[in-house]
Amino acid sequence: RVIMPSFDADGKLNFYTGRAIDDNAFRKYMNCDAEKKSIIFNEINIDWTNELSLVEGPFDLTKCDDNATCLLGSSLSEDSKLFHQIYKHKTPIVLALDKDMQSKTWQRIARMLSSYDIPVKVLNLGSFKDVGEMTREQFKDAKLHAIKWDRTSALLMKISGMKT
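All of the points below concern the structure found in this document. (Residues numbered from 1 in each chain as written. Predicted model: local features only at pLDDT ≥ 70, side-chain atom pairs only at ≥ 80, totals over all residues. Heavy atoms only, no water.)

Further remarks concern the sheet that holds strand E3 (residues 29–31). Taking strand neighbours across the sheet as the criterion, the 3 strands line up as E1-E2-E3 in an open arrangement whose pairing is antiparallel. In this open sheet, the two strands that pair with only one neighbour each are strand E1 (2–7) and E3. Within the sheet, the average angular offset between the axes of one strand and its neighbour, ignoring direction, is 20°. The pairing of strand E2 (residues 13–19) with E3 spans 3 bridges and is classified as antiparallel. Across the sheet, the residue bridging to Thr17 is Asn31, located in E3. (Pairing = 2+ DSSP bridges. Helix = DSSP H or I, 4+ residues; strand = E, 2+ residues; numbered from the N terminus. Axes fitted to C-alpha atoms, helices over the stretch in contact; angles between N-to-C directions.)

A full pass over the atoms with the stated rule returns 5 aromatic pairs. Centre to centre, the rings of Phe15 and Phe41 are 6.2 Å apart; their planes meet at 75°, and the pair counts as edge-to-face. One end of the pair, Phe15, is in strand E2; the other, Phe41, is in the loop between E3 and strand E4 (52–55), with 26 residues separating them in the sequence. In this pair, the class of Phe15 matches that of Phe41, namely buried. Relative to Tyr116, the ring of Tyr87 has its centre 5.4 Å away and its plane inclined at 75°; by these criteria the two rings are edge-to-face. With Tyr87 in helix H1 (residues 81–89) and Tyr116 in the loop between helix H2 (99–115) and strand E7 (120–122), this pair connects stretches of sequence that are 29 residues apart. Look at Tyr87 and you get partly exposed, because its relative accessible area is 39%. If you follow Arg19 out to its NZ or CZ, it ends over the ring of Phe59, 5.7 Å from the centre. (Phe/Tyr/Trp six-rings, centres within 6.5 Å; stacked < 30°, edge-to-face > 60°. Buried < 20%, exposed > 50% of the residue type's maximum accessible area, 1.4 Å probe, protein only. Lys NZ or Arg CZ within 6 Å of the ring centre and 35° of its normal.)

Bringing the pairing of E1 into the picture now. Where E1 lies against E2, 6 bridges are found, and the strand directions are antiparallel. Looking at the pairing, Met4 lines up with Thr17 of E2. Connecting E1 to the next strand, E2, in antiparallel fashion are 5 residues, including Gly11 with a positive phi near 85°.

Burial in H1 covers these residues: Leu82, Phe83, Gln85 and Ile86. Take H1 and look down its axis: the buried residues cluster within an arc of 165°, on one side only. At the exit of H1 stands Lys90, carrying a positive phi of roughly 50°. (Arc of directions from axis to C-beta.)

See below:
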């Protein structure tokens, strides 16, 4: 397994996860026992005054720019420590969620953040299923072209995603 640690704002270990490198492993991921709502993954690296990229998992972070963290899943709740820090600093967000989660999950997260006057952009993954498949350069380029989220763009994205 590859083990990835996380450190809080004071540099103390607050979470760790392991991922099997063998495709036939019984469990692909193993996480420590911690309440995810109370964790900000690698908070020590976050600059709350600059645009923050949000991805689903820690291994996606290896392909992101420097100011990024993960949801440790596919949701963001208003009672999480991550949300409170984003709200406190009005940190602009770029949502870079896996393609299988984009249809409803990112809409819900974007709508919630936007309702608190937090600027939100949505990253288009193109042909990639998640950020982990991209190179850092591909991620940076996609981030430059991220679409500002508002109710109109959300509706247009939904329409363009409909199958005929």
